[in-house]
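Understanding the architecture of this molecule
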Amino acid sequence: DVCSSDLAVLLQTTPLSCTKSIFNFFQVQKIIFKNMNYDWIEIDGLYSQIGWRKRPKATKAVVIIPGNPGLARFYEDFANHLHDNIPNANTFVLSNLGCVSRGPKQTNKFYQNKNNFLLFGQIEHKRKLIEKMIDPDLEIIMVSHSIGSFMMLHLMENRPMIIRGFGLMRSEEHTSELQSHSD
């Protein structure tokens, strides 16, 4: 059984300074993963693309909340890496509402409601996606990137089923020193 401290170690051993480095790591290593499954999920007439992989006897769900550009497919290699290394968990990546151009057409309801374009509209939509998609018996571990980390913090409020959250942020510490050494 992989616990959340094992996930923290796994995340620490993956280059996570930014999403681009995640993809560079996997391309250099030429790691081949099984494909994620993708579905369009409708909530209140609004569609989001969801990437997912499931296990028959999962006890946990790893939910990835993306930063920009908000596309589940952008995080596919990273999600597969987590899924392949956490044997008892289902894995989900939730695209940001309105960020995927193909798929079911959004209804006029999407464009008429300005909250769909605001951060708290995204958070509420993700809360409803999680409630609709994830078995309530599973413990949830959230992994987020950039602005997705802000969303994750709000999603974790008053939700005892979310047992851990890991926010992946680019570190700006000592940036000036790094730039002076690269000259």
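Residues numbered from 1 in each chain as written. Predicted model: local features only at pLDDT ≥ 70, side-chain atom pairs only at ≥ 80, totals over all residues. Heavy atoms only, no water.

A word on the overall build of the chain
For the chain, the helix and strand inventory stands at seven helices and six strands. Tracing the chain from N to C terminus, the helices and strands come up as α-α-β-β-β-α-β-α-α-β-α-β-α. Relative to its full complement of 183 residues, the chain shows a buried share of 45%. For the chain, contacts bridging at least 24 residues in sequence account for 71% of all contacts bridging at least 6. (Helix = DSSP H or I, 4+ residues; strand = E, 2+ residues; numbered from the N terminus. Buried < 20%, exposed > 50% of the residue type's maximum accessible area, 1.4 Å probe, protein only. Contact = heavy atoms within 4.5 Å.)

So, the environment of L155
For L155, the location among the structural elements is in helix α6 (residues 147-156). What makes L155 buried here is its relative accessible area of 2%. Look past the residues within four positions of L155 in its chain and what remains in contact with it is I65, I123, K126, R127, I130, M142 and I162.

Overview of the packing of aromatic side chains
This model, assessed by the stated rule, comprises two aromatic pairs. Aromatic side chains F120 and F150 sit 6.0 Å apart centroid to centroid with 70° between the ring planes, which places their arrangement in the edge-to-face category. Separated by 30 residues along the polypeptide, F120 in helix α5 (residues 119-133) and F150 in helix α6 bring together distant segments of the chain. Directly above the aromatic system of W52 lies the positively charged group of K54, at a separation of 5.5 Å from the ring centroid. Lying across the ring of Y38, R73 places its NZ or CZ 3.8 Å from the centre. (Phe/Tyr/Trp six-rings, centres within 6.5 Å; stacked < 30°, edge-to-face > 60°. Lys NZ or Arg CZ within 6 Å of the ring centre and 35° of its normal.)

Structural notes on the pairing of strand β4 (residues 89-94)
Of all six residues that make up β4, six are buried, and the element is covered over most of its length. With burial as the criterion, each face of β4 is covered, one bearing A89, T91 and V93 and the other bearing N90, F92 and L94. Direction of pairing for strand β2 (residues 46-53) relative to β4: antiparallel, over a ladder of four bridges. Along β4, the bridge assignment pairs I50 with L94. With five bridges joining them, strand β3 (residues 60-65) and β4 adopt parallel strand pairing. (Pairing = 2+ DSSP bridges.)

Some remarks on the sheet that holds strand β6 (residues 162-168)
The six strands are arranged β1-β2-β4-β3-β5-β6 in an open sheet whose pairing can be described as mixed. Across the chains shown, the open sheet's two edge strands, defined by having one partner strand only, are β1 (37-43) and β6. Taken over all neighbouring pairs, the strand axes of this sheet differ in orientation by 25° on average, direction set aside. On top of the sheet, α5 reaches β1, β2, β3, β4 and β5 (139-145); it is set at about 115° to β1, its chief contact. (Axes fitted to C-alpha atoms, helices over the stretch in contact; angles between N-to-C directions.)

Remarks on the side chain of H83
Position of H83 among the secondary structure elements: in helix α3 (residues 76-85). A relative accessible area of 2% places H83 in the buried class. If we skip the residues at most four places from it in the chain, H83 touches R53, K54, R55, A89, N90 and T91.

Considerations on the confidence of the model for the chain
For the chain, the mean per-residue pLDDT works out to 76, and 68% of the residues sit at or above 70. Counted against residues more than four places away or in other chains, residues 15-33, with its pLDDT under 50, gives 31 contacts. (pLDDT = per-residue confidence, 0-100.)

Brief notes about α6
Those residues of α6 not exposed but buried are G148, S149, M151, M152 and L155. Take α6 and look down its axis: the buried residues cluster within an arc of 160°, on one side only. In this structure, the buried side of α6 is in contact with β3, α5, β5 and β6. (Arc of directions from axis to C-beta.)

Brief notes about the nonpolar core
Residues V63, I130, I134, I140 and M142 are the most contacted members of the largest nonpolar core, which totals 21 residues. Among the secondary structure elements, those contributing two or more residues to this core are β1, β3, β4, α5, β5 and α6. The contacts of M142, once residues within four sequence positions are left out, are V63, I65, I130, M152, L155, M156, I162, R164, G165 and F166. (Core = buried A, V, L, I, M, F, W, Y, C linked by side-chain atoms within 4.5 Å.)

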